[in-house]
Each structure stands twice: as C-alpha cells, then as structure tokens.
Amino acid sequence: MTTTESDEAVLVYGATGVQGEGILEQLLDDGHTVRAQTTSPERTDTLEQRGAKPVVATLDDHDALRAANESVSKVVLTTPSGYPSETVRRLGKNAIDAAERAAVDLFVLNTSAPIPDDEPDVTYYEDRRFLERYLERSSLPFVSLRPTIYLENLVEPLAAEQIVNDGVVAFPAPSEMLAAWICVEDLGAFVAETLTHPEWSGRRIPIGGPEILTGTDIAEQFSVAMGRSIEYRQIPLDEFEAQLSETMGPDVGKMIPEMYRRVERHPGSGLYERDAAELRQLFPDIDLTSLKTWIERRDWQRFADSA
C-alpha cells in the first residue's frame, strides 16, 4: 500500500491486543498519527517507541474516552471480547457514544467474527450485530468489517506447542469446515484502506484470506512447511468450553464453543468463506497473505517455547 502522510489523528482501540497491533502497525506504516488506546500502562513505552501516542483508558471511563476522541478524525474499534455479553455491548456503546459526541468523520468497526444473515441464538454473533445496529441508529458515518477466523489463533502458546511437539493442529472447528482464514497483517491493510473510503459509509464488508481451507488443508500445509507429518484434530467442544470456563468464567466460556456448535448444525453454510476475487476487486492494493507465506514468516519453535 502506498505510504501517505496524514495530519488527521486516528484513534485505535485495543492497540496492544493481537488484532489491534496489526491495525496499529499498518496505520503507522502509512504515516497516520495514531492514538493508541490500551488498558495496560506498562505498554505505553512500547507504543511510544513505535510512534503512536498512547492513551491509557478503559472503555468504561467516559471522561478518558471523551479526551481520547478530541480532535480525532477517525476511530477504529475492535469489538471487545473475553467479557460477558452485557459488558461487550456496554463497552462498544461507550466507544460509539464518545465518537458520536466528538463528531468524528468515520468509525470503523472490526467485528472480529462473521455475522450470519439469519439471527441465531449465538451470543457472540448477536453482540456484534447489536453494535452494528447501534452504529446504524447513531449519526456516525461507519463501516463494519466482518472477518472470518484469525490464523493467530494457531500461534497461541499451547496451540503452537502442539503443532511443534505433537504434530497436531488442534482447533475447535470441525475439520471439514471451509474457511478463508485471515491474518492480522491483512486485517490492518483492510482497515487502512477502508479509512480512505468515507463513501463506503453504511457498508458491512465481509473480509478474509485468499484461500478456502479445511482443517485437513491447514495440517497439510504445516506438514510441507515443517517437513514432517502434521495432523488436524478438532478439540471436543465440551472440553474446549471447560477450558475456557476455567480461565474466563462460565458466561464467557460458552460463547465461542457456541459458534462452532452452530457450524456443526449448519455445515456448508458458507459463513466463514469469502470470495477472494471480490475482495481483490474492492481492495486492489492489498496483497492477501497465503497460509504458506504466513507459516514461513513465523518462528514456531519460539512460540512453542513460550507455552
């Protein structure tokens, strides 16, 4: 993407999270002035070294959000996750309200997940639909980006350790599920390009990677990259829910497994698939990252050693 200088500040929420970091890096590379919201005071030095202006604030701190939005032209919100539904909705609303009061020029929502056309009783999806509709009722110009599944799930320490040491890609999705997995670098590129298109206001844009892959396809590409046999194993959803509930509480612990139970009930729904040709037509300057390239760019032993 062509680097451009911009005096217009962009506020990026969750800038020290996995998705937020991908967005932050692309915007800084493109020459934007970036206000980087974080709840971690210990990360401010790192943000400053990268060239961002750190803002330490929670999304429940209305005074801090008001100050963060002052003189900001555009806002990027990655939907809060890891919280109960009512908290996700409240925090998202707070960010939207602060941007509306500041009358920013464009608000970009990263839903962090696809949203089905129907309205299933799946909390994770419905929280994101709620925020889209809340934006719709606001006075804000907005674009909602709806990604598929992040490849970065596979570099979580335990997941990487299983790939390196056990020869297993373990994930809760059924092996046969078709998905256009996306990486956070591409997310950043999609967000940066969207910020240059205020005329897209009101659009909901599904985004994803360049390949439609099954779990077996993913394992085969790891096998080639690592020069040995790697298998795909679906984590049993009851086991997955128990693991999440232990670390995040029962309300949050059931939300993500609930998505994959829906996938099992509706195989072939296409929810996680994307048309790469359509994406390239809408985003012609983005070179979508293949799984092979993404694997080769990472130090898998270092990820495994951090488990």
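Residues numbered from 1 in each chain as written. Predicted model: local features only at pLDDT ≥ 70, side-chain atom pairs only at ≥ 80, totals over all residues. Heavy atoms only, no water.

Peer 1: Give me the lowdown on the overall build of the chain, citing residues and values where you can.
Peer 2: On a plain count of helices and strands, the chain comes out with 14 helices and 9 strands. Taken over C-alpha atoms, the radius of gyration comes to 19 Å for the chain, in line with the 19 Å a tight globule of 307 residues would show. When its C-alpha atoms are laid out on the principal axes, the chain stretches across 55 × 40 × 40 Å. In the chain, once contacts between residues fewer than 6 apart in sequence are set aside, the share between residues at least 24 apart is 75%. Summing over all exposed atoms, the chain offers an accessible surface of approximately 13,700 Å²; the carbon and sulfur share of this is 45%. Seen as two clouds, the 29 positive and the 54 negative side-chain charges of the chain have centres 4 Å apart. (Helix = DSSP H or I, 4+ residues; strand = E, 2+ residues; numbered from the N terminus. Rg over C-alpha atoms; globule rule 2.2 N^0.38 Å. Contact = heavy atoms within 4.5 Å. Areas by Shrake-Rupley, 256 points an atom, 1.4 Å probe, with all protein chains shown as cover. Lys, Arg positive; Asp, Glu negative; His and termini not counted. Charge placed at Lys NZ, Arg CZ, Asp CG, Glu CD.)

Peer 1: An account of the pairing of strand β6 (residues 142–146) is requested, with residue identities and associated values reported.
Peer 2: When you tally the buried positions in β6, you get 5 out of 5 residues, the bulk of the element. Burial of the side chains of β6 extends over both faces: F142, S144 and R146 are buried on one face and V143 and L145 on the other. Taken together, the 4 bridges between strand β5 (residues 106–110) and β6 define a ladder with parallel strand orientation. Paired with N110 across the strands is L145, a residue of β6. (Buried < 20%, exposed > 50% of the residue type's maximum accessible area, 1.4 Å probe, protein only. Pairing = 2+ DSSP bridges.)

Peer 1: Please set out helix α3 (residues 62–69) residue by residue, giving values where relevant.
Peer 2: Residues of α3 that are buried: A64, L65, A68 and N69. In a view along the axis of α3, the buried residues occupy a sector of 130 degrees, so they form one face of it. Once α3 finishes, S71 follows within two positions and takes phi at roughly 60 degrees, a positive value. (Arc of directions from axis to C-beta.)

Peer 1: An account of unusual backbone geometry is needed here, citing residue identities and associated values.
Peer 2: Even without being a glycine, A103 presents a positive backbone phi close to 55 degrees. A relative accessible area of 57% places A103 in the exposed class.

Peer 1: Requested: an account of the environment of K254, with residues and values cited.
Peer 2: Mapping K254 onto the fold places it in the loop between α10 (250–253) and α11 (255–265). Judged by relative accessible area, K254 falls into the partly exposed class, the value being 43%. In this structure, the C-alpha to C-alpha distance between K254 and S138, residues 116 residues apart in sequence, is 31 Å.

Peer 1: Can you tell me about the sheet that holds strand β8 (residues 204–206), naming the residues and giving the values?
Peer 2: Pairing is parallel in the open sheet, where 7 strands are placed in the order β3-β2-β1-β4-β5-β6-β8. Both outer strands of the open sheet, β3 (53–56) and β8, are each paired with one neighbouring strand and no more. Here the average twist between neighbouring strands, direction ignored, is 20 degrees. As paired strands, β6 and β8 are joined by 3 bridges and run parallel to one another. Its bridge partner being in β8, L145 is matched across the sheet by I205. Contacts between helix α5 (residues 123–137) and the sheet are confined to β5, β6 and β8, with β6 contributing the most and set at about 165 degrees to the helix. (Axes fitted to C-alpha atoms, helices over the stretch in contact; angles between N-to-C directions.)

Peer 1: With reference to specific residues and values, describe the nonpolar core.
Peer 2: L154, F222, Y272, W294 and W300 are the most contacted members of the largest nonpolar core, which totals 37 residues. The dominant element in this core, judged by the number of residues it contributes, is α11, at 4 residues. Excluding its chain neighbours within four sequence positions, the residues that come into contact with F222 are L154, I163, V169, I230, W294, I295 and W300. With 32 residues, the next largest nonpolar core counts V12, V34, L145 and V191 among its residues. (Core = buried A, V, L, I, M, F, W, Y, C linked by side-chain atoms within 4.5 Å.)

Peer 1: So what's going on with the packing of helix α1 (residues 18–29) against helix α7 (residues 184–194)? Which residues, and what values?
Peer 2: Two numbers describe how α1 lies on α7: the axes approach to 7 Å, and their chain directions differ by 55 degrees. As the angle between them shows, α1 and α7 are arranged oblique. Crossing handedness for the pair α1 and α7: right-handed. Where α1 approaches α7, its residues V18, Q19, G22, I23, Q26 and L27 are matched on the opposing element by V184, E185, L187, G188, A189, V191 and A192. Here the residues of the contact of α1 with α7 are counted per class, giving 8 nonpolar, 4 polar and 1 charged. (Parallel < 35°, antiparallel > 145°, perpendicular 65-115°, else oblique. Left-handed = near helix turned anticlockwise from the far one by under 90°. Nonpolar A, V, L, I, M, F, W, Y, C, P; charged D, E, K, R; others polar.)

Peer 1: Tell me about the environment of D285, residues and numbers included.
Peer 2: Here D285 is to be found in the loop between α12 (276–282) and α13 (291–296). Judged by relative accessible area, which is 52%, D285 ranks as exposed. Separated by 95 residues in the primary sequence, D285 and F190 have C-alpha atoms spaced 9.7 Å apart.

Bear in mind that shape data such as this cannot, by itself, settle questions of function.
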